[in-house]
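Residue strings, one per chain:
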Amino acid sequence: MTSKKTVEPSDLYRLTLVSNPRVAPNGEKITFTVTRPKKDEYFSAIWMTDGDKFRPITGGPRDTCQYWSPDSSMIAYQRGTKEGTSKLMILSADGGEPWILTEFKQPITRIVWSPNSEFIAVETREIDEEWKKYNERDVLLIDRMPPWFNGSGWIFDRPRTIYLVSYPSGGLTRVSPEEVNSIYPTWSPTGKYLAYARFPHEKEPYKGEVVVYDVETGEEKVIVKDMNISGLSWSPNSDVLAVRGHFFEKGLVSHHKIYFIDVTSGEKECATCGLGLNTINSVNSDVRGPSCNEGMAWDYNGWFYFQVHDAGRIHIYRVKPGGEPVLFLEAGNGVVDEFDINGKEPLLAYTFMTATKPKELYIHRGGSPVRITDFNDWLERERTLAEPVHHIVEVGEETLDLWILPPADDVDCSKCLSWILYVHGGPKTSFGNGFMFEFHVLSSKGFAIVYGNPHGSDGYSEEFADIRGKFGTVDFQDIMHFVNIAPSLDGRLDQDRVAIVGGSYGGWMVNYALTKTNIFKAAISMRGCSNWTSFWGASDIGWYFAREQLQGNPWDKTDEYLRVSPLFSIDKVNTPVLIIHSLEDYRCPLDQALTLYTALKVRGVETKLALFPGENHDLSRSGTPRRRVRRLELEIEWLKDKLGQPRTPSSP
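Given the structure is predicted, the values throughout are model-derived calculations rather than measurements.

What follows concerns helix α2 (residues 437-444). Within α2, eight of the eight residues are buried, which leaves it mostly tucked inside the rest of the structure. Among the residues making up α2, those that are buried are F437, E438, F439, H440, V441, L442, S443 and S444. On the buried face of α2, the contacting elements are β32 (398-405), β33 (417-423), β34 (448-452), β36 (522-526) and α11 (625-643). G446 sits one or two residues past α2 and shows a positive phi near 100°.

The following block contains the structure:
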């Protein structure tokens, strides 16, 4: 029997990403997407299970976003191309060769079959016949905001649009208006109406309205205005729309709640306001596959099912209009990442992960859940993975969640371990019970990883998440509390050999923390911000995100923009910094990394800049696999060089 090995960056190529579960309306079969990282791309195909065996039903390599026909006989899905176009494919549930219903010049992001099977609603980006690729034009003449968007590139003349595709002819009818981003199509069970969300405010693109479109007449009715919308689902009797979103009670950091909207009167009922928790899944994980799953659904008995984010866990709750939410599926120490139901039984299909197990497909049909897939069991058989230890720490009158992941090759020693404080992005996301491949790679190299949820994180109250106007105050105090208390929670941590690592908001916090303390012996700043004024103007979300978080624009909150911009306190930084950034990051644009790098170089602080061509803000989660591997290798090299080789009891 061979001994287990530690996790290597290249093990990314062996992981299987399970996503997008879809239950057939008759409840007999379930489809899901299986994605495998290759060196230069991801190979995705549609798989099927009857609750026992599972098998592929499409050949890939870019098949995603599958959706069942109402009679469970056909499956529609997207087949992407290397050129970025997409084909709307149709496949018989009994097998055979798929066929192309129609083609789009842009990727499809949502597919929904009408109840009478006459139409398929498709969400994609719209371009006209004269449209040319941006690098083929003499000039980009821009008159809309934002010019670009992370992960999509230049989008000023490519609004998100909803089409009706006639079945089986393939004819197209555009539903949404020109130049207005429109998303989340959902059919009334009668098939008479299609509801969708659109966002008509250019300067406030987060404010949307819910539209009910009459398929026969083309008439439309707006039933909700000025709402931040993240999902729609029509009740079985066609008189109520479930809308997930908020009305800016705490600005953009407000929790997304479930509202029941009477389609006729427009009256709304907040079904989850009493819960005090978010209904969005924002638990961090770097092993998710492509998905068009809404994370919300009705059954035929009038129950509405939805996710609840609870301190790094994701549960499934359900509620009826006029009733109180009740827990349906408790996640334990895990994350119910996606789900779908058959409305009759109900049969629940879902993906589930823990901090030590990547996502697999499960079925819940009453009684105990049953695991269906076992793609990633090789990790437990062949690799040594440490288990994170959860701590609840007190800060004043509040408590915070903190985890310590020890080295995979556990040792019994005192103050022998170099360790990493890792800060998540957002700030309104969370660490918790999601599988973090990166953490296990670092743990396998002998480092302990300390991570937690400071103020600003998701999974708690709205008040806890609301740090508008307080960036760098209570959140910074929390992460410094993590640094100070961690060695007392695990006596193996060497207080003199700690690094700080983070990405996005976490990257900004790395940069900011280095201007406030010299306790860290090394730092890795990834896709972060160094100058909030330039971020305000260049980021795809900058002009409203910075205004929201800093409570004003640069010209009327100049002192605040300077206070939170590490560039203007760079003279306080002495810690060696590795800066990792992507050339096509439009969330925290390239200038943020270049400015930080140049300033540190001018000051004589040891620094390196690693730039990844062809990648965007999501490099660590969905970037090209070989570049994701190289990024992990760079992290390991830097940390070993600056913190020293991790010690063992026999080390001097």
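Quick look at the pattern of salt bridges now. This structure, assessed with the given rule, holds 42 salt bridges. Of the charged contacts in the structure, one is a salt bridge between R492 and D490, with a shortest N-O distance of 2.9 Å. Each member of the pair R492 and D490 is classed as buried. Ionic pairing is found between D618 and R621, a salt bridge with its closest N-O pair at 2.5 Å. Three or more residues joined by partner-sharing salt bridges are found here, namely R288, D337, E338 and K359.

Moving on, we get to a nonpolar patch on the surface. Taken together, the side chains of L583, L594 and L611 define a hydrophobic patch exposed on the protein surface, amounting to about 210 Å² of accessible area. Judged by relative accessible area, L611 falls into the partly exposed class, the value being 32%.

Between two packed helices, the angle of one axis relative to the other and the distance separating the axes together describe the packing. Orientation of helix α4 (residues 474-489) relative to helix α5 (residues 505-514), taken along the N-to-C sense of each, is 80°, at an axis distance of 11 Å. Considering their axes alone, α4 and α5 lie roughly perpendicular with respect to each other. Across the interface between the two elements, D475, F476 and I479 of α4 pack against Y505, W508, M509, Y512 and A513 of α5. Partitioning the contact of α4 with α5 into residue classes produces seven nonpolar, no polar and one charged.

Our focus in this paragraph is the side chain of R492. Relative to the helices and strands, R492 resides in the loop between α4 and β35 (493-503). The exposure class assigned to R492 is buried, which follows from its relative accessible area of 12%. A polar atom in the side chain of R492 sits 2.9 Å from the backbone oxygen of V411. Beyond its immediate stretch of four places on either side in the chain, R492 contacts P406, D410, V411, C413, S414, K415, C416 and L417.

Further remarks concern the packing of aromatic side chains. On inspection of all chains with the given rule, the structure shows 44 aromatic pairs. Both rings, one in W113 and one in Y167, keep their centres 5.3 Å apart while their planes meet at 65°; by these two values the pair is edge-to-face. Taken together, the residues W113 in strand β9 (residues 108-113) and Y167 in the loop between β13 (160-166) and β14 (172-174) connect sequence positions 54 residues apart. Classification of Y167 by relative accessible area gives partly exposed; the value is 23%. Judged by centre distance (6.3 Å) and plane angle (20°), the ring pair of F304 and F306 falls under stacked.

In this structure the tally under the stated criterion is three disulfides. For C65, the disulfide goes to C292, at an S-S distance of 2.0 Å. Handedness here is read from the sign of the S-S torsion; for C65 and C292, about -120°, the answer is left-handed. Taken together, the positions of C65 in strand β5 (residues 63-68) and C292 in the loop between β22 (268-270) and β23 (296-298) put the pair 227 residues apart, joining distant regions of the chain. Each of the two residues, C65 as well as C292, counts as buried. With a sulfur-sulfur separation of 1.6 Å, C413 is cross-linked through a disulfide to C416. This pair shows no difference in class: C413 is buried, exactly as C416 is. In this structure C529 is not part of a disulfide, and its nearest cysteine sulfur, from C588, lies 5.9 Å away. For C588, a relative accessible area of 6% puts it in the buried group.

Reading the values: the criteria
Residues numbered from 1 in each chain as written. Predicted model: local features only at pLDDT ≥ 70, side-chain atom pairs only at ≥ 80, totals over all residues. Heavy atoms only, no water. Buried < 20%, exposed > 50% of the residue type's maximum accessible area, 1.4 Å probe, protein only. Helix = DSSP H or I, 4+ residues; strand = E, 2+ residues; numbered from the N terminus. Contact = heavy atoms within 4.5 Å. Salt bridge = Lys/Arg side-chain N within 4 Å of Asp/Glu carboxyl O. Patch = residues over 30% accessible without salt bridge, like charges linked within 9 Å, V, L, I, M, F, W, Y side chains within 5 Å. Areas by Shrake-Rupley, 256 points an atom, 1.4 Å probe, with all protein chains shown as cover. Axes fitted to C-alpha atoms, helices over the stretch in contact; angles between N-to-C directions. Parallel < 35°, antiparallel > 145°, perpendicular 65-115°, else oblique. Nonpolar A, V, L, I, M, F, W, Y, C, P; charged D, E, K, R; others polar. Polar contact = N/O pair within 3.5 Å; in protein donor to acceptor, adjacent residues only side chain to side chain. Phe/Tyr/Trp six-rings, centres within 6.5 Å; stacked < 30°, edge-to-face > 60°. Disulfide = S-S within 2.5 Å.

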